[in-house]
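Residues per chain are reported as follows:
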Amino acid sequence: MTKWLSRAVPVRGSPGTGELVVNSTSWIDVAHDVSSGGGQLASLWTTSGDESGNHANVRAVFLINASVLIVTLPIVDDSLSYRGLETLFPSAVRMQRAAFDLTGIRSDAPDQRPWLRHAAWPAHWHPLKFPAMRSEIAAKSIDNYEFVRVEGDGVHEIPVGPVHAGIIEPGHFRFSIVGEKVLRLEERLGYVHKGIEHRFTELHLFEAHRLAARICGDSAVAFSWAYCQAAEGLTNVRVPQRGLYLRALALELERLQNHLGDLGALGNDAGFAFGLAQFSRIKEHLLRVINGALGQRYLFDWIVPGGTARDIDAASSNDLIAFAHEVASEVRHLRQIYEEHSGLRDRFSGAGRVEVQLASQLGLTGLAGRASGQSLDLRVDRPWPPYDQLAVTKCVRQEGDVAARVALRFDEVQETCVLIAKILRELPWGPVRVETPLPNVPGFAVGLIEGWRGPVLIALQNGGEGKISRCHAHDPSWHNWPVLEHAIIDNIVPDFPLINKSFNLAYSGHDL
Amino acid sequence: MLKTLRTIAGIGIVTEPAPASDEMLWVRHSLQDEVLAILGRALCIRHVDAGSCNGCELEIHALNNPIYNIEGLGIRFVASPRHADMLLVTGPVSRHMETALRRTYDATPDPKIVVAVGDCGCMGGIFGENYASCGRVSNVIPVDIQIPGCPPSPRRLLQGIVTAIAKLPRDARVTE
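Sequence positions are assigned chain by chain, starting from 1 and proceeding in written order. Chains carry letters and ligands carry numbers; both start at the beginning, A for chains and 1 for ligands, and go up in the order they are written. For a predicted model such as this one, the threshold for reporting local features is a pLDDT of at least 70, and the threshold for listing and counting side-chain atom pairs is 80 or more; totals across whole chains, interfaces and linings nevertheless cover every residue. Side-chain measures were taken over the full set of non-hydrogen atoms in the model, leaving aside hydrogen atoms and water.

## As for the packing of helix H6 (residues 220-235) of chain A against helix H7 (residues 241-269) of chain A
Residues and elements named next belong to chain A.
Then, number 1: Only the stretch in contact is used when fitting a helix axis, every axis being a line fitted to C-alpha atoms; angles between N-to-C directions are given from 0 to 180 degrees. Strands here are runs of E lasting at least two residues and helices are runs of H or I lasting at least four, both read from the DSSP assignment and numbered beginning at the N terminus. Relative to each other, H6 and H7 sit at 150°, their axes nearing to 8 Å. Looking at the two axes, H6 sits roughly antiparallel to H7. Facing H6, whose interface residues are Ala220, Val221, Ala222, Trp225, Cys228 and Glu232, H7 presents Leu244, Arg247, Ala248, Ala250, Leu251 and Glu254. Geometric relationships in this document are graded by angle, where less than 35 degrees denotes roughly parallel, more than 145 denotes roughly antiparallel, 65 to 115 denotes roughly perpendicular, and other angles denote oblique. In this analysis, two residues are considered to be in contact whenever any of their non-hydrogen atoms come within 4.5 Å of each other.

## A word on the pattern of salt bridges
Then, number 1: In the sections that follow, a salt bridge refers to a side-chain nitrogen of Lys or Arg positioned within 4 Å of a carboxyl oxygen of Asp or Glu. Counting across every chain of the model gives 41 salt bridges over all chains.
Then, number 2: The partner of A:Arg409 in a salt bridge is A:Asp262, and the shortest N-O contact between them spans 3.1 Å. Taken together, the residues A:Arg409 in helix H14 (residues 402-425) and A:Asp262 in helix H7 connect sequence positions 147 residues apart. With respect to class, A:Arg409 is no different from A:Asp262; both count as buried.
Then, number 3: Ionic pairing is found between B:Glu98 and B:Arg102, a salt bridge with its closest N-O pair at 2.8 Å. Taken together, the positions of B:Glu98 and B:Arg102, both in helix H4 (residues 98-107) and 4 residues apart, correspond to about one turn of that helix.
Then, number 4: For B:Glu98, a relative accessible area of 17% gives the class buried.
Then, number 5: A cluster of three or more residues bridged by salt bridges with shared partners is formed by A:Arg97, A:Asp111, A:Arg113, A:Arg184 and A:Glu186. Buried, partly exposed and exposed residues are distinguished by accessible area as a fraction of the type maximum, computed with a 1.4 Å probe on protein chains only: under 20%, between the cut-offs, and over 50%, respectively.

## With respect to the interface of chain B and chain A
Then, number 1: Contacts between chain B and chain A engage 49 residues on the former and 58 residues on the latter.
Then, number 2: Put simply, buried area is how much 1.4 Å-probe accessible surface two parts lose in total, over both of them, once they are put together. Summed over both sides, the interface between chain B and chain A buries roughly 4,300 Å², with carbon and sulfur atoms accounting for 63% of that surface.
Then, number 3: Taken as a group, B:His96, B:Ile126 and B:Tyr131 account for 20% of the area that chain B buries against chain A, more than any other trio of residues on that side.
Then, number 4: In this structure, the connection of chain B to chain A is made through 2 salt bridges.

## Brief notes about unusual backbone geometry
Then, number 1: Put simply, B:Asp110 and B:Pro111 share a cis peptide bond, and its omega is -5°.
Then, number 2: Here B:Pro111 is to be found in the loop between H4 and strand S4 (113-117).
Then, number 3: The omega torsion across B:Cys150 and B:Pro151 is -15°, close enough to zero to call that bond cis.
Then, number 4: With respect to the helices and strands, B:Pro151 occurs in the loop between strand S7 (145-147) and helix H6 (154-167).
Then, number 5: Unusually for a residue other than glycine, A:Asp490 sits at a positive phi of about 75°.
Then, number 6: For A:Asp490, the location among the structural elements is in the loop between helix H15 (477-487) and helix H16 (496-503).
Then, number 7: Taking the relative accessible area as the measure of exposure, A:Asp490 reaches 52% and is therefore exposed.

Honestly, that's just the spatial picture; any functional story needs more than this.
This is the structure in structure tokens:
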């Protein structure tokens, strides 16, 4: 593996990141070495050729300990196909199917069903293909997706969605069950595909961070930071220290908001309405304190190219420190109640278990990964500024069930509250933002951020004059959705909402 | 159990008193009566995410917290469009959700009210219209009330819902 890393060319503005251009033989060799060396596939996507004569290509990003290796395979012939990586990295299947839907570049994997494309456009039309094809809108409004059928005595199917019973995002779940027991779950996503990667190419390089923040609302900070990190990489801009600290503050606040929301919802899904009432109360107070300090309840437009949109004053900073302390102590109290509640223990323990070995085999990542012994946390393992100065303590659990994912959130709430106070106490003086000059040459850069759900990646390729020629956005849910299908096996149908919530994966962030 | 009860008693009722503005004061005092006069029961809302980034959903969730306590106002979220008086629709409508949204609309009994939520639901937002997005909700189904914002605050959402109630026809009450 080291031989590939040493051959890689450093990517501008992205420390610890190298790019390797390979032929189709070494494409598989690299993937094989990464897989056997315990590395992970972070993302895979394809790009059409362009007017400057660049070839179409397929790119894979691998995480190897603290290093990021981007492997690019140019597709020089007219076949527009490449060897799939699904046997080495199971999560590659859906990424390869999505890549074909968007660009028409096909892997040789056996599963060739569409993934992001339903019936909105015909199979031969690809929104990101070059030269752009005349837009075609299919006449049919519903397609016929081939779900895998489970046969046998007493087996029947329950179709759920896309419109669900709660206030949640749309997706379809097809359960094959016997009695109450789930034999198989097959997910179908793509309902909220709204052409985000295409939309990026219509926006200016320094305005598209607003779109990045809206890829997935609950991870707005993570995505907009990843985007700005990539955009700043293209221009070699150095964000001032204070700006970096305020970005980290926003990222930790986002983690805290989501964990509080999830902990309440998880109690509620196990029939403990008290939990929802208490956690949603604390969350609302937190949002108001954030609104008072930073001027937004949710920090959609906090991170901008060059730094942050605003500064924080000393009084607000003290409010936030005091409130973080209060949240930590309230949550400690509620944790005791959760842990002593026999009903919750009964529902949480053993439900939706993903064993450590399975998690590693399937590439479970982020928060759900850390609850199954997959210890990657980029804030610790690959600390980008200012995390290199913050000494984050990593939280990891081994049990892999709902209880572990709940406990991990409780652990992380405490750690995040400590971090928020630390960031604000150590906040360096100076400007929060610098001017960002437009890059004068086309280039390629990546941004990689550990969001609350897991590693979020933006790969950005610019054209001239502030144009974006390709922007690929990747949410950790791409890896974790397929694992949810395994987590539910042998559980009962009524436990699905609870297990699903314990993962809390993205729809919009995945469907793009 | 004792700890749970102590916590409940210790925190007490956090639901906020009437908001400061006069108009909203009026709303708070008369809303339940208004809903009762029109419907004879709670107002039932069915939320449909037709392509949102989930930002609006975060704030719609907040309506259920004990501070806004929307159920205390006589308004509740229901699981089926067949039980709903109002559809609360978010997102630019993705083309993949177009049919599901139309079917949800058709499944909602008349008279019904449609509230479009967020900059995307009202105007298409940053996503606009393209091969995969139909843009604003009113491009797909008739919309009565729009609540812009990215995302709109829970207070704005409440105001929009309240305004929509005033639009409900007086004969909406189900006769036995």
